[in-house]
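Below are the chains, spelled out letter by letter.
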Amino acid sequence: MNKITAEIYQLHPDRYILVSGNEEGAPRCPYGNIQHWVGYDILTKKYIRFTKSVYKKLVEEIENKK
């Protein structure tokens with residue numbers, strides 16, 4: 001999976017989103033567990049990995065919308 005850094009994310013923030021790890025086809029963690037959130041590239045329609053800083057920012061945004 002491609003890794004998206006803060007610099008890459010800032011160039012196209014609307015291109016990348018977090019989706020539920022329960023989505024069909026979502027990758028599991030290396031230990032086989034379902035992940036709560038998974039990165040997704042809307043343009044290429046592939047799952048991606050975010051760096052920790054980007055991931056935390058996006059999760060925080062989702063949590064604040066609740």
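Look up a bit, the structure's there.
So, how was this worked out
Along each chain, residues carry numbers from 1 onward, in the same order as the chain's sequence is written. With pLDDT at 70 or above as the cut-off, local features in this predicted model cover only qualifying residues; side-chain atom pairs require 80 or more to be listed or tallied, and sums for whole chains, interfaces and linings still use all residues. Where side-chain values are given, they derive from all heavy atoms of the structure, hydrogens and water being excluded. We count a stretch as a helix when DSSP gives it H or I for four or more residues in a row; a strand needs E for two or more, and each element gets its number in order from the N terminus. Only the protein chains shown count as cover for residues, with accessible areas throughout obtained via the Shrake-Rupley method and a probe of 1.4 Å. This count recognises Lys and Arg as positive and Asp and Glu as negative, with His and chain-terminal groups excluded. To locate a charge, the coordinates of NZ of Lys, CZ of Arg, CG of Asp or CD of Glu are taken. Buried residues of nine kinds, namely Ala, Val, Leu, Ile, Met, Phe, Trp, Tyr and Cys, make up a nonpolar core once their side-chain atoms join them within 4.5 Å. Exposure is judged per residue with a 1.4 Å probe applied to protein chains only, and the accessible area is read against the type maximum: over 50% gives exposed, under 20% gives buried, and values in between give partly exposed. In what follows, residue pairs with any heavy atoms lying within 4.5 Å of each other are defined as contacts.

(A) A look at the overall build of the chain. Scanning the chain from terminus to terminus reveals two helices and four strands. Counting helices and strands in the order they occur from the N terminus, the chain gives β-α-β-β-β-α. Considered along the principal axes of its C-alpha atoms, the chain spans approximately 30 × 30 × 20 Å. Total accessible area on the chain stands at roughly 5000 Å², and carbon and sulfur atoms take up 51% of it. A distance of 5 Å separates the average location of the 11 positive side-chain charges in the chain from that of its 8 negative side-chain charges.

(B) Quick look at the environment of Gly 21. Within the secondary structure, Gly 21 is located in the loop between β2 (16–20) and β3 (37–41). Between the C-alpha atoms of Gly 21 and Ile 34, which are 13 residues apart in sequence, the distance is 5.9 Å.

(C) Structural view of the nonpolar core. One finds Ile 4, Tyr 9, Tyr 16, Leu 18, Trp 37, Ile 48, Phe 50, Val 54, Leu 58 and Val 59 forming the largest nonpolar core, which totals 10 residues. Broken down by secondary-structure element, the contributors of at least two residues to this core are β2, β4 (46–50) and α2 (52–65). If you tally residues by element for this core, the top one is α2, at three residues. Excluding its chain neighbours within four sequence positions, the residues that come into contact with Ile 48 are Met 1, Asn 2, Ile 4, Tyr 16, Gly 39, Tyr 40 and Asp 41. Ranked by size, the runner-up nonpolar core spans five residues in total, among them Val 19, Ala 26, Val 38 and Tyr 47.

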